[in-house]
Amino acid sequence: MSEAVKETKAQRAERLKRELNPWTAYDDIVRFAREGWDAIPPPWLGTYFRWWGIYTQGDGVGAVGGKGGEGKATRHFMVRIRIPNGALHAHQLRTIADLAERHARGVADITVRQNIQLHWVSLEDLPAVFQALWLNGVTTLGSCGDVTRNVTGCPLAGADADELVDASPLVHAATRMLNGNPAFYNLPRKYKVTITGCRAWCSYPEINDVGLTAQRHPGTREIGFAVRVGGGLSTDPHLALPLDAFVPWHQALPVLRAISEIFRDSDALRENREKARLKFLFLQHGFTAARFLRAIEERLGVALPPGVRDEPPDDIYRDHVGIHPQKQAGYVYAGVAVLRGRLTPAEMRAAADLADRYGTGELRTTSMQNLLIPHVRREHAPALGRGLEAAGLRLDASPFHRGTVACTGSEFCKLALTETKGFARRLVETLEARLPGFEQHLRIHITGCPNSCGQHWIADLGIEGKKVKVDGALVDAYYFCVGGAVGLHQAVARPIGLRLPAADVVPAIERLLRAFLADRLAGETFRHFAARHTDDDLRGLLAGELVEAVARDESPGRPPHGVDG
């Protein structure tokens, strides 16, 4: 009798998805909450919960507390709230504040996909959390799992003084088309889409599976979109490829649907969970931009107009921090720099109250983990600013405060190697104290493991979580990557061969930035400075001496299903 062949991880995942569309099984969640933890079958804990924006929370130790690259889970959940285009109303933010206070130990984090995450949510509280959100027009549906994640866009859509078009109607239409639709519940892996009409590309089309960016056709003057495909970071960073096509507004959704179907129907991407993102069609399966465009046009049944010259943004902030004029005469918006994206219930309520008092009750979350209040009369801006500052919310933030991004880290994530949120706060506070006059645009991205949920590959300074032994004990450490960029100068950051214990990271960054300030050429940015120095140079400046290069470690486990916002 032959021995049964053991399923691979990919085969098991595909079998479970074929057996059940989790979006049809909400009643099971209600039953689990009623009957208790032991009633939850393993497929729900490991797979199906994610389709409802839920994943099990780590025990605070991270990956090293378990085996196979994944740490131990507690009997608590992370719940991710989906916020298309980052658009919120004050009453919705107050509801999230209440839920954070009642069910999540006062923890709420804005993510790099404009969502808000709650932690410490218990099984028995899940139905109450869902009901409160639904009654206020918010959902968690599809914010994790092998589905279309939150569709992002410019948080100032309709208000940005320099935007080409308000693309938010397409974001919401795309959400209706893809999220909750049984035709798209079973994709090979997570699928990220952004649609933006702004010139700053603040939703990062370069690192999305699909990025639609508005452009004006030079011949017809029609507003349409350029399309990029195959972006993504994780352990195999790949910047999205532009297609030679001009997509008219009326074709944007059909094109997006065609791309989504191509991804869904790519059986080759279902064979290996670690190689299942859309980008692997280009990295491993022979696709080119031209071949992908032909596949889109075959599904559409028509040829798309040829592409026109694109205008990627230069080195600019994409965070919308501060008070700035809107396109509507006499109105401004206020952009708050939320350090590491973490908000307390009191801060959320204060922001909601101020949005009601001085604006229209609208708020926006951003891909830089920040919060905006739009539609404020210019004469009310000083009073709004005072109210935000009184609530501990910064409008006037240092480059360190506004340029630092941090993933969830080992505080809650089972796959992380290092704690990130507290580390980010200490890093920013120390650099602000030691380099008070620093004014350069600088992005410091902190990720707790090689999977890049903190997007370290596109940062000026990207630091990747590791573990090292110090005096025989494992401690948090970080590996340095330098020179990442998006926009006109897009580039994947260079691993420079330096790994330091977490306690030595801030002094190292201070040394590097002091060297930059002392030695930079006239008008030179940090990006240019990094580009004209070798890896050996940068490693020496960070370490304070010449040191041998060390290699990056391999990922401690599979790329995460849902921890990247």
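Residues numbered from 1 in each chain as written. Predicted model: local features only at pLDDT ≥ 70, side-chain atom pairs only at ≥ 80, totals over all residues. Heavy atoms only, no water.

**A look at the overall build of the protein chain**
Moving on, step 1. Across its full length, the protein chain carries 16 helices and 20 strands.
Moving on, step 2. Seen through its C-alpha atoms, the protein chain measures out along the principal axes to roughly 70 × 65 × 50 Å.
Moving on, step 3. Buried positions account for 62% of the 565 residues belonging to the protein chain.
Moving on, step 4. In the protein chain, the share of contacts with a sequence separation of at least 24, taken over all contacts with a separation of at least 6, comes to 70%.
Moving on, step 5. Just so you have it, the protein chain exposes about 21000 Å², and 51% of that area is on carbon and sulfur atoms.
Moving on, step 6. Each charge class in the protein chain can be summarised by its mean position, and for the 69 positive and 65 negative side chains these summaries are 2 Å apart. (Helix = DSSP H or I, 4+ residues; strand = E, 2+ residues; numbered from the N terminus. Buried < 20%, exposed > 50% of the residue type's maximum accessible area, 1.4 Å probe, protein only. Contact = heavy atoms within 4.5 Å. Areas by Shrake-Rupley, 256 points an atom, 1.4 Å probe, with all protein chains shown as cover. Lys, Arg positive; Asp, Glu negative; His and termini not counted. Charge placed at Lys NZ, Arg CZ, Asp CG, Glu CD.)

**Observations concerning the sheet that holds strand E3 (residues 87–89)**
Moving on, step 1. Spatially, the 5 strands line up as an open sheet ordered E3-E14-E15-E12-E11, and their pairing is antiparallel. Across the chains shown, the open sheet's two edge strands, defined by having one partner strand only, are E3 and strand E11 (322–325). Averaged over all neighbouring strand pairs, the angle between strand axes comes to 30 degrees, with direction disregarded.
Moving on, step 2. Pairing geometry for E11 and strand E12 (residues 331–336), over 4 bridges, is antiparallel. In the strand pairing of E12, histidine 324 is matched with tyrosine 333.
Moving on, step 3. Strands in contact with helix H10 (residues 345–358) are strand E14 (362–365) and strand E15 (371–377); relative to E15, the strand with the most contacts, it is inclined by about 20 degrees.
Moving on, step 4. Contacting E11, E12 and E15, helix H11 (residues 381–390) runs over the sheet at an angle of about 150 degrees to E15. (Pairing = 2+ DSSP bridges. Axes fitted to C-alpha atoms, helices over the stretch in contact; angles between N-to-C directions.)

**Focus on the nonpolar core**
Moving on, step 1. Core analysis: the biggest nonpolar cluster contains 60 residues, and Phe49, Trp52 and Leu126 have the highest contact counts within it.
Moving on, step 2. Ignoring anything within four residues of it in the chain, the contact list for phenylalanine 49 reads Ile29, Phe32, Ile40, Trp44, Ile54, Phe77, Leu123 and Leu126.
Moving on, step 3. In this structure, Ala214, Leu256, Phe287 and Leu293 belong to the second largest nonpolar core, which totals 42 residues. (Core = buried A, V, L, I, M, F, W, Y, C linked by side-chain atoms within 4.5 Å.)

**Regarding the pattern of salt bridges**
Moving on, step 1. Across all of its chains, the model carries 40 salt bridges by this definition.
Moving on, step 2. Measuring nitrogen to oxygen at the nearest pair gives 3.3 Å for the salt bridge that ties aspartate 162 to arginine 199. Remark: arginine 199 occurs in the loop between strand E6 (193–196) and strand E7 (210–216) and aspartate 162 occurs in the loop between helix H5 (126–135) and helix H6 (168–178); sequence separation between them is 37 residues.
Moving on, step 3. Residue class for aspartate 162 comes out partly exposed when judged on its relative accessible area of 45%.
Moving on, step 4. Residues joined by salt bridges that share partners form a network here, namely Glu14, Lys17, Asp146, Arg270 and Arg273. (Salt bridge = Lys/Arg side-chain N within 4 Å of Asp/Glu carboxyl O.)

**Section: the confidence of the model for the protein chain**
Moving on, step 1. The predicted model of the protein chain has a mean per-residue pLDDT of 95, with 97% of residues at 70 or higher.
Moving on, step 2. In this model, residues 555–563 is a region of pLDDT below 50 whose contacts with residues beyond four sequence positions or in other chains number 43 contacts. (pLDDT = per-residue confidence, 0-100.)

**Overview of the packing of aromatic side chains**
Moving on, step 1. Under the criterion given, the structure shown has 24 aromatic pairs.
Moving on, step 2. With a centroid separation of 5.8 Å and 70 degrees between ring planes, the pair formed by tyrosine 26 and phenylalanine 130 is classed as edge-to-face. In this pair, tyrosine 26 is assigned in helix H2 (residues 26–35) and phenylalanine 130 in helix H5, connecting sequence segments 104 residues apart.
Moving on, step 3. Judged by its relative accessible area of 13%, tyrosine 26 falls in the buried class.
Moving on, step 4. The class of phenylalanine 130 is buried, set by a relative accessible area of 1%. (Phe/Tyr/Trp six-rings, centres within 6.5 Å; stacked < 30°, edge-to-face > 60°.)

**Brief notes about H5**
At 3.6 residues per turn, the α-helix brings residues three or four places apart onto the same side.
Moving on, step 1. Taken together, the buried positions of H5 are occupied by Leu126, Pro127, Val129, Phe130 and Leu133. Projected onto a plane normal to the axis of H5, the buried residues spread over an arc of 160 degrees and lie on a single side.
Moving on, step 2. Of the surrounding elements, those touching the buried residues of H5 are H2, strand E1 (54–58), strand E2 (73–81), helix H4 (90–103) and strand E5 (116–121).
Moving on, step 3. Following H5 by one or two positions, glycine 137 has its phi on the positive side, about 75 degrees. (Arc of directions from axis to C-beta.)

**Comments concerning the environment of arginine 34**
Moving on, step 1. Relative to the helices and strands, arginine 34 resides in helix H2.
Moving on, step 2. Taking C-alpha positions, arginine 34 is 6.6 Å from glutamate 124, a pair spaced 90 residues apart along the chain.

**What about helix H13 (residues 421–434)?**
Moving on, step 1. Given a rise of 1.5 Å per residue, 14 residues ought to cover 20 Å, and the 20 Å separating the end C-alpha atoms of H13 matches this to within 8%.
Moving on, step 2. Those residues of H13 not exposed but buried are Lys421, Gly422, Phe423, Ala424, Leu427, Val428, Leu431 and Glu432. (Expected span 1.5 Å × (residues − 1).)

**Structural notes on the environment of phenylalanine 526**
Moving on, step 1. Position of phenylalanine 526 among the secondary structure elements: in helix H15 (residues 526–531).
Moving on, step 2. Accessibility expressed as a relative area gives 1% for phenylalanine 526, which makes it buried.
Moving on, step 3. Linking phenylalanine 526 and proline 325, residues 201 residues apart in sequence, is a C-alpha distance of 28 Å.
Moving on, step 4. Excluding anything up to four places from it in sequence, phenylalanine 526 contacts Gln440, Leu442, Asp460, Leu461, Val482, Leu512, Leu513 and Phe516.

**Here's the deal with the packing of H6 against helix H7 (residues 252–264)**
Moving on, step 1. The interhelical angle for the contact between H6 and H7, taken along N-to-C directions, is 40 degrees, at an axis separation of 11 Å. With respect to H7, the element H6 is oriented oblique. In the packing of H6 onto H7, the handedness of the crossing is right-handed. On H7, the residues that touch Leu170, Ala173, Ala174, Met177 and Leu178 of H6 are Ala252, Leu253, Leu256, Arg257 and Ser260.
Moving on, step 2. For the contact of H6 with H7, the class distribution of residues is 8 nonpolar, 1 polar and 1 charged. (Parallel < 35°, antiparallel > 145°, perpendicular 65-115°, else oblique. Left-handed = near helix turned anticlockwise from the far one by under 90°. Nonpolar A, V, L, I, M, F, W, Y, C, P; charged D, E, K, R; others polar.)

**Topic: the sheet that holds strand E19 (residues 473–482)**
Moving on, step 1. Pairing is mixed in the open sheet, where 5 strands are placed in the order E16-E17-E18-E19-E20. Of all the strands in the sheet, the pair left with one neighbour each is strand E16 (404–406) and strand E20 (494–501). Across the sheet, the mean angle from the axis of one strand to that of its neighbour is 25 degrees, orientation sign disregarded.
Moving on, step 2. Against the sheet, helix H14 (residues 502–519) touches strand E18 (461–470), E19 and E20, its axis set at about 130 degrees to E20.

**Description of the state of the cysteines**
Moving on, step 1. The final tally for this structure, using the stated rule, is 0 disulfides.
Moving on, step 2. The structure places no disulfide on cysteine 407, whose sulfur is separated from the nearest cysteine sulfur, that of cysteine 453, by 6.0 Å.
Moving on, step 3. Taking relative accessible area as the criterion, cysteine 407 reaches 10% and is therefore assigned buried.
Moving on, step 4. Of the cysteine sulfurs around cysteine 453, a residue in no disulfide, the closest is that of cysteine 449, at 5.9 Å.
Moving on, step 5. By relative accessible area, which is 8% here, cysteine 453 ends up buried. (Disulfide = S-S within 2.5 Å.)

**Concerning the environment of histidine 375**
Moving on, step 1. Of note, histidine 375 is situated in strand E15.
Moving on, step 2. We classify histidine 375 as buried; its relative accessible area is 17%.
Moving on, step 3. For the pair histidine 375 and glycine 330, spaced 45 residues apart in the sequence, the C-alpha separation amounts to 9.3 Å.

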